[in-house]
Amino acid sequence: MNIEKPLFKDGIMVHLHKLAIEDTDELISINGRIYNSSTNQLTTRDNKQVQLKPIQAALLKLFIKHRGKLLSRDEIIQEVWKNKIVEDATVNSTLSRLRNVLGCKGDVIKTHHKIGYCLIGSVEPLEHNIFSERITETALSLDPDSPVTEPPTSKSPSKLFNLSVLTLVSSLILLIIYFLQASILDNTTRPPSNPTLTPLTHTQGIEFFPSLSADKNWLAYTHKADQHSPFELLIQNAKTYETTVIQDAPHMSSPFWAADNQTLYYQTFDNNRCEIKKITPAQIPAQSTISTVTVCGGQLSISPIAISSDNTWLYFSYKASKSMPFIVKRKNLITLEEQQLTFPSQKSYGDYSISLSRDNNKLAFIRSIADSLKELYVLDIEQNITSRIAQYRHVIYTTSWSPNDNEIVFVDSNDNLAAIDVRTRETRVLFSSEHHIQTPISVDTSTLLASVGEFKTNNVQAWSLTQPDEPPTPLIQSSFNDRGAVMFKDTDTTKIAFISNRSGNNQLWLYDGQAYEQLTHFAAGHTLNNLQFSHDGQLISFLDNNQLAILSLAAKEINHFGKLGDNFRNPIWMCGSSRYLLTTRLVNNSWMLHKIDAKLTAVETLLPEVDSVKGDCMTGHYYISKVHEDGIFKLASDFSKVMSGPLLPHTHFLDADEWHLEDGAVFFISQEQLLHTKLSNPGEAKALSSHLQGIKQFSKLGDTILLNHTSVSGSYIAHIQL
């Protein structure tokens, strides 16, 4: 409905059409600033025209639509960023930039601290020709009551004909462009035919994270000879296969050739310090100059790094300590400025496995939420928008942009080489092979480099506290991965539950000392861990893709707790119980301690910010490790609060299979050694045995400790031609 509003210009009364603001309005006055919603151009008070970026325009349109209404941060994220996951810093920076464009501080967009934001001031729709003169004289009259003459709406036949011809031509052009694009997309998404795989390296051990120089003359990769050997950096002449080891630090990884073909960046770890360095060989592979570029934290990292094609920005993952998550940073190699790009929840493992698109505009990375929950994100660097592309239930070591910058190459849960389209979210298989493929890197539209072969195999070993001078003995071993073993023992039986892929997929198995029994028959794509026997040995709790599950050995039935997609961690049976469990669960982005009634499937929330929990069943006390705090803490008997701690304040206890409590003593892993100490004197932690090296997880029953023994398998760098 039109509402007439009288204005004066040069002493003459004019009539303006003041309309209710609709989504179709083009020109809108905002406190003296004119916004063209069709072109996203803003004319400031001093008549300067500014082109708004799409995300700024979307935010401004939201404020205009709800002018005068207080909008919460959640409402803004939902409406402006739709289904995308954005960090608080992204919202803040977008608001700040919009305010700068508007040339305002608080007279247009007002902040209500801890509540939200509101568009205030005068907001009015304007007729289209106001854009040039600020007001439109739709009628001039000395009499304010004289009728307003509406502008003519009809067009001459010739103008209509010209408009029709123009519309037809435009439509034809759009159709041609569409079919051309469809043809291009079809070429890039057509399934490969007869892929070939050619080995490029032949060094014993595992080889991964390949990087090929732009001129394709030099291949750099990470190498590990055996389980106890450090990560090494090797450079190979791609023509002669002559290979040289770069010796700079105890651990070296993640090579990346800069576009100039002369500079190789890589990561080192020494004396609890992660650094990114570069080597500029005068004559490859001779070392002439090695220099430190930046620090990547206080933890060993083998996450890939990336360099922009103009050699301006270095992208890398940073982890300050074991208790902090990985974050993605970048450093300007010219100005030396550093910026934090991602802001993962403090409850996640963090962001890693980065890959920079060839146009330098998009950064892909993996966010690890829990052991078997990984999310693929893409950061639009210019717009500062982070989008979640997909969610996975398996380990993803690397991501790599395809040359067209529309797809990300990775290895799926079935070990297929695959690519996901970041626009449509559709995944296609590039290469299905009996070979185990990891760390793929795109070279061009039809060529990739990858590590081929198993990284490691696991077997179960047993070690006795009564014979500390003896090495561990093999208990369960095969040519497959056998791991995560736990033991139950009473006067009549001894049985061991473990995880193995000996039947093709990861399953639960039972060993009674003589025979093996497969307990589960899951389809592919299940990540299993954290096995625990109940007090009577009749139930086994475990995590199935992070969901809590309980297997009845008698009925061979499995009950899952919660709903699909829930994230549990570190479940244990309460002391003397075959009904109640304690576990941590991710609720509203926080790891909470819960008590589970397995019979009634009831869940009781106990404490926030808990990583793992353990019971000392000989003393009746329970202890927890906290989220991003070192040490362990004693709980009150009703689990309502922390009574004391931290004990062992310089050690971080993350997973339940890294520590154990018994009779006032704690057994724990530190720097891959198994240590123990009395809680009454925690400062005197000692290694249990010189034979227990390279330990990453264990379980204990009485005097027996079950260990995962990991052996490095053979893998090699291969050229894959699609």
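Residues numbered from 1 in each chain as written. Predicted model: local features only at pLDDT ≥ 70, side-chain atom pairs only at ≥ 80, totals over all residues. Heavy atoms only, no water.

## Points about the overall build of the chain
Piece 1. Along the chain, the regular secondary structure elements total five helices and 57 strands.
Piece 2. Accessible surface, the chain: about 34,300 Å² in total, of which carbon and sulfur atoms supply 51%. (Helix = DSSP H or I, 4+ residues; strand = E, 2+ residues; numbered from the N terminus. Areas by Shrake-Rupley, 256 points an atom, 1.4 Å probe, with all protein chains shown as cover.)

## Some remarks on the packing of aromatic side chains
The geometry of an aromatic ring pair comes down to the distance between the two centres and the angle between the two planes.
Piece 1. This model, assessed by the stated rule, comprises ten aromatic pairs.
Piece 2. Here the aromatic rings of Phe208 and Phe209 are separated by 5.1 Å at their centres, their planes lie at 65 degrees, and the arrangement is edge-to-face.
Piece 3. Owing to a relative accessible area of 3%, Phe208 belongs among the buried residues under this scheme.
Piece 4. Phe209 sits in the buried class, given a relative accessible area of 7%.
Piece 5. Summarising the aromatic geometry, the rings of Phe488 and Phe533 are spaced 5.8 Å apart at their centres and angled 45 degrees between planes, so their arrangement reads as tilted. On the criterion of sequence distance, the pair formed by Phe488 in strand β35 (residues 482-489) and Phe533 in strand β39 (residues 528-533) is long-range, its members being 45 residues apart.
Piece 6. Residue classification places Phe488 among the buried positions, given a relative accessible area of 10%.
Piece 7. Here a set of aromatic residues connected by ring pairs shows up, and it is made of Phe208, Phe209 and Phe231.
Piece 8. A cation over an aromatic ring shows up here: Lys362 above the ring of Trp401, its NZ or CZ 5.4 Å from the ring centre.
Piece 9. The ring of Phe667 has Lys700 lying over it, and the distance from NZ or CZ to the ring centre is 5.0 Å. (Phe/Tyr/Trp six-rings, centres within 6.5 Å; stacked < 30°, edge-to-face > 60°. Buried < 20%, exposed > 50% of the residue type's maximum accessible area, 1.4 Å probe, protein only. Lys NZ or Arg CZ within 6 Å of the ring centre and 35° of its normal.)

## Focus on the nonpolar core
Piece 1. Ranked by size, the top nonpolar core spans 29 residues in total, and within it Ile30, Phe63, Ile76 and Trp81 carry the most contacts.
Piece 2. The set of elements that each furnish at least two residues to this core consists of β3 (27-30), α1 (54-65), α2 (73-80), α3 (88-102) and β8 (116-119).
Piece 3. Excluding residues that lie within four positions of it along the chain, Ile30 makes contacts with Tyr35, Leu60, Ile64, Val108, Leu119, Ser122 and Val123.
Piece 4. Formed by 16 residues, the second largest nonpolar core is a distinct cluster that contains Ala497, Leu508, Leu551 and Leu553. (Core = buried A, V, L, I, M, F, W, Y, C linked by side-chain atoms within 4.5 Å. Contact = heavy atoms within 4.5 Å.)

## Digging into the confidence of the model for the chain
Piece 1. For the chain, per-residue confidence averages 81 on the pLDDT scale, and residues scoring 70 or more make up 84% of the total.
Piece 2. Confidence, read as mean pLDDT per element, is least for strand β2 (residues 12-18) in the chain (36) and greatest for strand β20 (residues 313-318) (97).
Piece 3. Here residues 128-161 is modelled with pLDDT under 50, and outside its nearest four sequence neighbours on either side it reaches 49 contacts, counting other chains as well.
Piece 4. Note on residues 163-192: pLDDT under 50 across the span, and ten contacts to partners over four residues away in sequence or across chains. (pLDDT = per-residue confidence, 0-100.)

## Some words on the state of the cysteines
Piece 1. The final tally for this structure, using the stated rule, is two disulfides.
Piece 2. Covalently, Cys274 is tied to Cys296 through a disulfide, its sulfur atoms 1.9 Å apart. Residues Cys274 and Cys296 share a disulfide whose torsion about the S-S bond is about -85 degrees; that sign makes it left-handed. With Cys274 in strand β17 (residues 273-279) and Cys296 in strand β18 (residues 290-297), this residue pair connects regions lying 22 residues apart in the sequence. The two residues Cys274 and Cys296 agree in class, both being buried.
Piece 3. One disulfide in the model links Cys575 with Cys617; its S-S distance is 2.1 Å. Residues Cys575 and Cys617 are joined by a disulfide whose S-S torsion is about -85 degrees; by sign, that bridge is left-handed. Residue Cys575 is located in the loop between β43 (568-573) and β44 (580-587), and its partner Cys617 is located in the loop between β47 (610-616) and β48 (621-626); the two are separated by 42 residues in the primary sequence.
Piece 4. Its relative accessible area of 27% is what places Cys575 among the partly exposed residues.
Piece 5. Ordering the disulfide-forming cysteines of the chain by sequence position, one finds them joined as 1-2, 3-4. (Disulfide = S-S within 2.5 Å.)

## What to know about α2
Piece 1. When α2 is considered as a whole, its buried residues turn out to be Ile76, Ile77 and Val80. Take α2 and look down its axis: the buried residues cluster within an arc of 95 degrees, on one side only. Turned more than 90 degrees away from the buried face of α2, the exposed residues are Asp74 and Gln78.
Piece 2. With its phi angle positive at about 55 degrees, Lys82 sits one or two positions after the end of α2. (Arc of directions from axis to C-beta.)

## Brief notes about the sheet that holds strand β29 (residues 417-421)
Piece 1. Strand order in the open sheet formed by four strands is β27-β28-β29-β30, and the pairing between neighbours is antiparallel. Pairing within the sheet leaves two strands with one partner each, and these edge strands are β27 (400-401) and β30 (427-431).
Piece 2. Looking at chain direction, β27 and strand β28 (residues 407-411) are connected through two bridges and run antiparallel. In the strand pairing of β28, Ser400 is matched with Val409. (Pairing = 2+ DSSP bridges.)

## Comments concerning the environment of Asp469
Piece 1. Within the element layout of this structure, Asp469 appears in the loop between β33 (456-464) and β34 (473-476).
Piece 2. C-alpha separation for the pair Asp469 and Ser690, spaced 221 residues apart in sequence, amounts to 8.1 Å.

## So, the sheet that holds strand β25 (residues 373-380)
Piece 1. With antiparallel pairing, the four strands of this open sheet are ordered in space as β23-β24-β25-β26. In the strand order of this sheet, the two ends are held by β23 (350-356) and β26 (385-392), each with one partner. Looking at each pair of strands side by side, their axes are set apart by 25 degrees on average, direction ignored.
Piece 2. Bridge analysis of strand β24 (residues 362-370) against β25 gives eight bridges, and the strand direction is antiparallel. For Leu363, the partnering residue across the bridge sits in β25 and is Leu379. (Axes fitted to C-alpha atoms, helices over the stretch in contact; angles between N-to-C directions.)

## A closer look at the packing of α1 against α2
Piece 1. Relative orientation of the contacting elements α1 and α2 amounts to 120 degrees, with a least axis distance of 10 Å. Relative to α2, the element α1 is oriented oblique. For the pair α1 and α2, the crossing hand works out as right-handed. Across the interface between the two elements, Ile55, Ala58, Leu59, Leu62 and Phe63 of α1 pack against Ile76, Glu79 and Val80 of α2. (Parallel < 35°, antiparallel > 145°, perpendicular 65-115°, else oblique. Left-handed = near helix turned anticlockwise from the far one by under 90°.)

## Topic: the pattern of salt bridges
Piece 1. Per the counting criterion, the structure on display carries 18 salt bridges.
Piece 2. Between Asp444 and Lys216 there is a salt bridge, with its nearest N and O atoms 3.5 Å apart. Remark: Lys216 occurs in the loop between β11 (206-212) and β12 (218-224) and Asp444 occurs in strand β31 (residues 437-444); sequence separation between them is 228 residues.
Piece 3. Look at Asp444 and you get partly exposed, because its relative accessible area is 25%.
Piece 4. On the basis of relative accessible area, Lys216 is assigned to the partly exposed category, the value being 45%.
Piece 5. In this structure, Asp351 and Arg367 form a salt bridge, with 2.7 Å as the shortest nitrogen-oxygen distance. (Salt bridge = Lys/Arg side-chain N within 4 Å of Asp/Glu carboxyl O.)

## Considering unusual backbone geometry
Glycine aside, the phi torsion of most residues is negative, and most peptide linkages are trans.
Piece 1. A positive phi angle, close to 50 degrees, is found at Phe209, a residue other than glycine.
Piece 2. The residue Phe209 is located in strand β11 in this model.
Piece 3. Phi at Asn272 takes a positive value of approximately 60 degrees, unusual for a residue other than glycine.
Piece 4. Within the fold, Asn272 resides in the loop between β16 (264-270) and β17.
Piece 5. A relative accessible area of 53% places Asn272 in the exposed class.

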